Amino acid sequence: MQSTRRIWFAGILVLGLVWIGLSADRLGESTNGLTPAPQKGFLAPDFTLETMSGQKVTLSDLRGQVVVVNLWASWCGPCRLEMPAFKNIYEEYKDRGLVILAVNSTSQDTPSAVEAFVAEFQLPFTVLMDYDGTVARLYKLSALPTTFFVGRDGVIRRAVIGGPLAESTLRAEIESLLAEETP
Amino acid sequence: MFPVIQLGPLAIQSAGLFLLASIWIGMTLTEKRAAHSGLKSDSLDSLILLSLFGLLAGGRLAYAALHFDSLRASPLDIFSLNTSLFDLTGGLAAGFIVALVYGQRKGLAFWPTLDALTPFFATMMVGLGASHLASGDAFGKETSLPWGIELFGAVRHPSQVYEIATALFILNLIGLRKPFSAAGVQFLAFLAWTAGASLFLEAFRGDSTLIFGGLRLGQIFAWIVLAAALVGVERLQSGMVVNEQA
């Protein structure tokens, strides 16, 4: 009985090793960040949006820089609470190449409310207007705020749904991204 | 993926709700089956709750220790409700230590306690699979099979569904059965089945960490856990290990 059990167990372990060898990913079936999707480990879906003054900004043009994409709305309480942290972090890291794209979900907001919000907080970074909800759909927006930390290679390193984000979380993520080498 | 429920400043993610539900169901099952192990359900409940508290507090403290420089500028963030300030490894270690200390103080025998907690662990594995399904984590690799699901711009293996199905199977097979004759075998059998399932299913995932030219790290880890569990079962069944008595 005991020896039969041992043979079974040894057989299972050998089969496990064979399976590990057979199922090794030699063809690059893991994503490796090549597919665009709003998820950690995937290429950040590309978009082009306008600022309040009509200037166009394209995400893929920022390749090589650390980018934080924050989706927000002026009526959203947690967005309001976390905005000072974004402002502080931007002031602290802008000279090291940090880009913050604050994408306003304008399809569920109004340009006048956005203007008042930006003036109230004196936001120093780029505010983009998602008039028709393109970015909300691309990034499968399910809650406001939602923040994506994008590495220099354009791959999402972390997605945080909800807020408010703590300043220390922002700082820790950005320090780690800035420390990565340029691809 | 499932939506996020926004309650004031709190964004409650459905993934978290699945985990909470599995904790509740797991505790209920453990309570109901405590009689089989001869342990008091109150002690098991306290053990689980204190360990969970240890996990949460330890995870936050470990995060603070690992990101000390980031927190120094805004130290009050350590009390933030945001769950992103959490280190899972540190949390698990803290939860484990709390469980050990509580178990020793209450005189809970090691293997019978683990056996009694097996329904809880098995239910948590179902909850973990459901939380992966809700969040999109642990997603599958691309496939042309007819049951593939559209996810992140490709048709993929429904790896989270595989995960839930195998966890339910293991819950029914091991988690809900009466304890084996040797103490500890039920828990180790659960561990072996779970590791074996993970070893098999990792092959269908599209987010594996790869080492040595394509080997999946998760499979190697699962194989080590499987081997340890099988050796443990063998030793317990052979009567080579004396049950620890408190």
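Quick caveat: nothing in here was measured; it's all calculated off a predicted structure. Going along each chain's sequence as written, the residues are numbered from 1 onward. The naming scheme follows written order: chains are lettered A onward, ligands numbered 1 onward. Thresholds applied to this predicted model are a pLDDT of at least 70 for local features of residues and 80 or more for the giving and counting of side-chain atom pairs; totals over whole chains, interfaces and linings are not thresholded and use all residues. By convention in this description, side-chain values take in all heavy atoms of the structure and omit both hydrogens and water.

Describe the pairing of strand 6 (residues 146-150) of chain A, and please don't skip the residues or the numbers.
Residues and elements named next belong to chain A. For every residue, the accessible area obtained with a 1.4 Å probe (protein chains only) is divided by the maximum for its type, and the residue is called buried under 20%, exposed over 50%, and partly exposed between those limits. Put simply, DSSP H or I for four residues or longer makes a helix, DSSP E for two residues or longer makes a strand, and each gets a number counted from the N terminus. For strand 6, a buried count of five out of five residues is recorded, marking the element as mostly surrounded by other parts of the structure. Only when DSSP finds a minimum of two bridges between them are two strands counted as paired. Pairing of strand 3 (residues 67-72) with strand 6, which is carried by five bridges, proceeds in the antiparallel orientation. Opposite Val69, over in strand 6, you have Phe148 as the bridge partner. Pairing geometry for strand 6 and strand 7 (residues 156-161), over five bridges, is antiparallel. From the neighbouring strand, Val150 faces strand 7, where its bridge partner is Ile156.

How would you sum up the environment of A:Glu180? Please name residues and give values.
Residue and element names in this part refer to chain A. Structurally, Glu180 can be placed in the segment after helix 5 (167-178). Each C-alpha atom of the pair Glu180 and Arg152 lies 7.9 Å from the other, and the pair is 28 residues apart in sequence. In this structure, Glu180 is in contact with Arg152 and Arg157, ignoring residues within four places of it in sequence. Whether two residues are in contact is decided by their heavy atoms, any of which lying within 4.5 Å being enough.

Tell me about the interface of chain A and chain B, and please be specific about residues and values.
Each partner contributes residues to the interface: chain A has 39 residues there, and chain B has 46 residues. When chain A packs against chain B, close to 3,600 Å² is buried across both sides, 59% of that on carbon and sulfur atoms. Here the buried area means the combined drop in accessible surface, using a 1.4 Å probe, for two parts upon being joined, counting both sides. Of all residues in chain A, A:Leu13, A:Trp19 and A:Ile20 bury the most surface against chain B, accounting for 16% of the area lost on that side. Salt bridge, as used here, is a side-chain nitrogen of Lys or Arg placed within 4 Å of a carboxyl oxygen of Asp or Glu. Linking chain A to chain B there are two salt bridges. Notably, a salt bridge pairs A:Arg5 with B:Glu234, separated by 2.9 Å at the nearest N-O pair. Under the rule applied, a polar contact is a pair of N or O atoms within 3.5 Å (in protein, one hydrogen donor and one hydrogen acceptor; residues adjacent in sequence only if both atoms are side-chain atoms). Counting across the interface, chain A meets chain B through nine residue pairs in polar contact (both at pLDDT 80 or more). Taken together, the elements giving at least two residues each to the side of chain A that touches chain B come down to helix 1 (2-22), helix 2 (77-93), strand 7 and helix 5 of chain A.

Please set out empty space enclosed by the protein residue by residue, giving values where relevant.
All names here are of chain B. Here a cavity is any set of points on a 1 Å grid over the protein atoms alone where a 1.4 Å probe fits but cannot get out, and a pocket is any open set with protein on both sides within 12 Å along at least 5 of 7 lines; a residue lines the site when it has an atom within 4 Å of a point. Grid points are joined across faces, edges and corners, and a volume is the space filled by probe spheres set on the points. Considering all chains together, one arrives at one cavity of 30 Å³ or more under this definition. Of the volumes computed, that of the largest cavity is approximately 70 Å³. Taken together, Arg33, His36, Ser37, Asp115, Ala116, Pro119, Gly175, Arg177, Lys178, Pro179 and Gln186 make up the lining of the largest cavity. Classifying every residue of the lining of the largest cavity by side-chain character gives three nonpolar, four polar and four charged. In this count, Pro and Cys sit with the nonpolar residues alongside Ala, Val, Leu, Ile, Met, Phe, Trp and Tyr, while Asp, Glu, Lys and Arg are called charged and the others, Gly among them, polar.

Mind laying out the packing of aromatic side chains, listing which residues take part and the relevant values?
When two rings of Phe, Tyr or Trp (its six-membered ring) have centres within 6.5 Å they constitute a pair, described as stacked for plane angles under 30 degrees, edge-to-face for angles over 60, and tilted for the intermediate range. Tallied over the entire structure, the rule returns 16 aromatic pairs over all chains. Among the aromatic residues, those joined into a ring-pair cluster are A:Trp19, B:Tyr162, B:Phe200 and B:Phe204.

I'd like to hear about the nonpolar core, residue by residue, with values.
Nonpolar cores are built from buried Ala, Val, Leu, Ile, Met, Phe, Trp, Tyr and Cys residues. Side-chain atoms within 4.5 Å join them into one set. Counting residues in each nonpolar core, the largest one holds 49 residues, and the members touching the most others are A:Phe47, A:Val69, A:Leu101, A:Tyr139 and A:Ile174. Here the element with the most residues in this core is helix 2 of chain A; it accounts for seven residues.

Requested: an account of the sheet that holds strand 5 (residues 126-129) of chain A, with residues and values cited.
Residues and elements named next belong to chain A. Strand order across the open sheet formed by seven strands is 2-1-5-4-3-6-7, with mixed pairing between neighbours. The two strands at the open ends of the sheet, each matched to only one other strand, are strand 2 (56-58) and strand 7. Strand-to-strand twist across the sheet, computed as the mean angle between neighbouring axes with direction ignored, equals 30°. Summarising the sheet, strand 1 (residues 48-51) and strand 2 pair through three bridges and their orientation is antiparallel. In this description, a line fitted to the C-alpha atoms serves as the axis of each element, helices being fitted only across the stretch in contact, and the angle between N-to-C directions of two axes falls anywhere from 0 to 180 degrees.

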